[in-house]
Amino acid sequence: MLDQAQRLREMAMRDHMHKKPNGTKVITVTSGKGGVGKSNIVVNLSITLQKMGKKVLIFDADVGMGNDDVLMGFLPRYNIFDVIYNGKDINDVIITGPYGVKLLPGGSGIAKINELSEEQIDNFLLKLCNLNDLDYIIMDTGAGVNRSVLGFIACSDELVIVTTPEPTSLTDAYSLFKAVVHFKIKSNAKIIINRAFTHKEGVETYKKFAGVVNKFIKAETEFLWSVSDDSKLVQAVRNQKPVVISSPNCNASKDIEIIAKKIEGLTYGKNGVGIEGLFKKIFNIFS
């Protein structure tokens with residue numbers, strides 16, 4: 001972990017010195033533990049941004065446990081593995097979802113990154129050139145503190161942590177952010193409180209989390225918003241239809257719309273690493 005952290009810092013310094021302007025913003029959405037509704041937020045947030053006129057790609061980077069495709073009602077035939085090893089074009093792998101939002105399944109290809117030759121990496125990066133017209137890449141990582149999650153956080157422009165008011169969820173979210181700050185990967189994070197009974201509970205939960213962060217690790221956090229504990233969202237998951245489509249006027253959908261508008265406000269006018277830059281970072285970290 002220490003060796004990897006050093007590589008992350010060195011790579012970040014090189015990128016800062018040689019960074020080329022790119023309009024694509026990379027946002028990593030993660031959580032301290034599983035089961036907090038992170039993937040649900042990723043899917044619905046991405047669709048909402050797409051509805052706002054943005055071009056969005058979801059990169060399902062949860063190694064072995066990705067389920068963004070299930071939440072969108074799809075069963076993908078291919079993933080990154082097929083692009084790298086089986087000669088598939090990137091457009092053969094990408095799934096186009098509601099309103100044109102795109103999904104790139106990571107699958108087993110992510111776990112095999114350290115086995116790739118330079119030629120395979122170069123060929124893969126070349127295939128990514130067709131995707132440079134994106135506004136956002138939203139990476140949905142696995143949960144917890146591990147090498148892959150920290151690596152994907154390091155590859156992004158913005159870090160969003162999803163937690164719930166449950167004490168165990170807050171504790172694990174804090175542990176994750178503490179590791180991120182400790183290894184100097186990021187010094188700030190945006191926070192979403194999911195499954196809040198009321199917005200007031202969401203605000204109070206965030207203040208509790210931010211208070212502990214300020215006291216013990218002295219890093220910056222920002223409250224994006226809370227997402228209501230909405231029965232419409234639960235039903236949408238069971239029906240494999242995103243709630244912002246099945247129930248666009250419910251409380252959860254309205255909350256996600258607020259988050260989308262705040263995300264757009266946070267990153268508007270700034271340069272991002274872009275999809276080719278993202279995967280160059282991923283290969284550098286994991287290979």
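Residues numbered from 1 in each chain as written. Predicted model: local features only at pLDDT ≥ 70, side-chain atom pairs only at ≥ 80, totals over all residues. Heavy atoms only, no water.

(A) The overall build of the chain, seen in detail. Per the secondary structure count, the chain includes 14 helices and eight strands. Classification of the 287 residues of the chain by burial places 53% in the buried group. Considering only contacts in the chain between residues 6 or more positions apart, those separated by 24 or more positions represent 82%. As displayed, the chain offers around 13200 Å² of accessible surface, 51% of which is attributable to carbon and sulfur atoms. (Helix = DSSP H or I, 4+ residues; strand = E, 2+ residues; numbered from the N terminus. Buried < 20%, exposed > 50% of the residue type's maximum accessible area, 1.4 Å probe, protein only. Contact = heavy atoms within 4.5 Å. Areas by Shrake-Rupley, 256 points an atom, 1.4 Å probe, with all protein chains shown as cover.)

(B) Spotlight on the packing of aromatic side chains. Under the criterion given, the structure shown has five aromatic pairs. Aromatic pair Phe59 and Phe279: ring centres 5.2 Å apart, planes at 50°, arrangement tilted. Taken together, the residues span a long stretch of sequence, with Phe59 in strand S2 (residues 56–61) and Phe279 in helix H14 (residues 274–286) at a distance of 220 residues. You can call Phe59 buried: its relative accessible area is 1%. Where Phe223 meets Trp225, the ring centres are 6.5 Å apart and the plane angle is 15°; that geometry is what we call stacked. (Phe/Tyr/Trp six-rings, centres within 6.5 Å; stacked < 30°, edge-to-face > 60°.)

(C) Representation of the sheet that holds strand S3 (residues 95–96) in the model. Taken together, the eight strands give an open sheet; going across it, the order is S3-S4-S2-S5-S1-S6-S7-S8, and neighbouring strands pair in mixed fashion. The sheet is open, and its two edges are formed by S3 and strand S8 (220–228), each paired on a single side. Pairing analysis gives four bridges linking S2 to strand S4 (residues 102–105), with the strands arranged parallel. In the strand pairing of S4, Phe59 is matched with Leu104. Each of strand S1 (25–31), strand S6 (158–163), strand S7 (188–196) and S8 touches helix H9 (residues 167–182); the most contacted strand, S6, lies at about 160° to it. (Pairing = 2+ DSSP bridges. Axes fitted to C-alpha atoms, helices over the stretch in contact; angles between N-to-C directions.)

(D) Summary view of helix H11 (residues 231–238). Where H11 starts, the residue carrying a side-chain oxygen 2.8 Å from the main-chain nitrogen of Lys232 turns out to be Asp230. Two residues or fewer after H11 comes Gln240, characterised by a positive phi angle close to 55°. (Polar contact = N/O pair within 3.5 Å; in protein donor to acceptor, adjacent residues only side chain to side chain.)

(E) Just the pairing of strand S5 (residues 136–143), in detail. Burial within S5 is extensive, with seven of its eight residues counted as buried. As paired strands, S1 and S5 are joined by six bridges and run parallel to one another. In the strand pairing of S5, Val29 is matched with Asp140. Pairing of S2 with S5 involves six bridges; the strand directions are parallel. Note on S5: the bridge partner recorded for Val56 is Tyr136.

(F) Region of the structure containing the side chain of Thr24. Of note, Thr24 is situated in the loop between helix H1 (2–18) and S1. Polar contacts involving the side chain of Thr24 include one to the main-chain carbonyl oxygen of Leu134, which spans 2.6 Å.

(G) Looking closely at the side chain of Ser31. Considering the arrangement of structural elements, one finds Ser31 in strand S1. In this structure the side chain of Ser31 is engaged in a polar contact, spanning 2.8 Å, whose partner is the backbone oxygen of Lys33. In this structure Ser31 touches Val36, Lys38, Gly142, Ala143, Gly144, Val162 and Leu176, once residues within four positions along its chain are discounted.

(H) Quick look at the environment of Met52. Structurally, Met52 is set in the loop between helix H2 (38–51) and S2. Its relative accessible area of 33% is what places Met52 among the partly exposed residues. Counting along the chain gives 47 residues from Met52 to Tyr99, while the straight-line C-alpha distance between them is 9.8 Å. The residues contacting Met52, other than those within four sequence positions of it, are Ala260, Lys261 and Glu264.

(I) Local environment of the pattern of salt bridges. Summed over all chains, the structure comprises five salt bridges. With a closest N to O distance of 3.6 Å, Asp133 and Lys55 form a salt bridge. Pair noted here: Asp133 is in the loop between helix H7 (118–127) and S5 and Lys55 is in the loop between H2 and S2, with a separation of 78 residues, a long-range link. When its relative accessible area of 42% is taken as the criterion, Lys55 is described as partly exposed. Between Lys261 and Glu257 there is a salt bridge, and its shortest N-O distance comes to 3.4 Å. (Salt bridge = Lys/Arg side-chain N within 4 Å of Asp/Glu carboxyl O.)

(J) A look at the packing of H7 against H14. It is at 9 Å that the axes of H7 and H14 come closest, and there the two elements cross at 160°. Classed by the angle they form, the pair H7 and H14 counts as roughly antiparallel. The two elements H7 and H14 cross, and the hand of that crossing is right-handed. Where H7 abuts H14, its residues Ile121, Phe124 and Leu125 lie against Glu276, Phe279, Lys280 and Phe283. Among the residues forming the contact of H7 with H14, the class breakdown is five nonpolar, no polar and two charged. (Parallel < 35°, antiparallel > 145°, perpendicular 65-115°, else oblique. Left-handed = near helix turned anticlockwise from the far one by under 90°. Nonpolar A, V, L, I, M, F, W, Y, C, P; charged D, E, K, R; others polar.)

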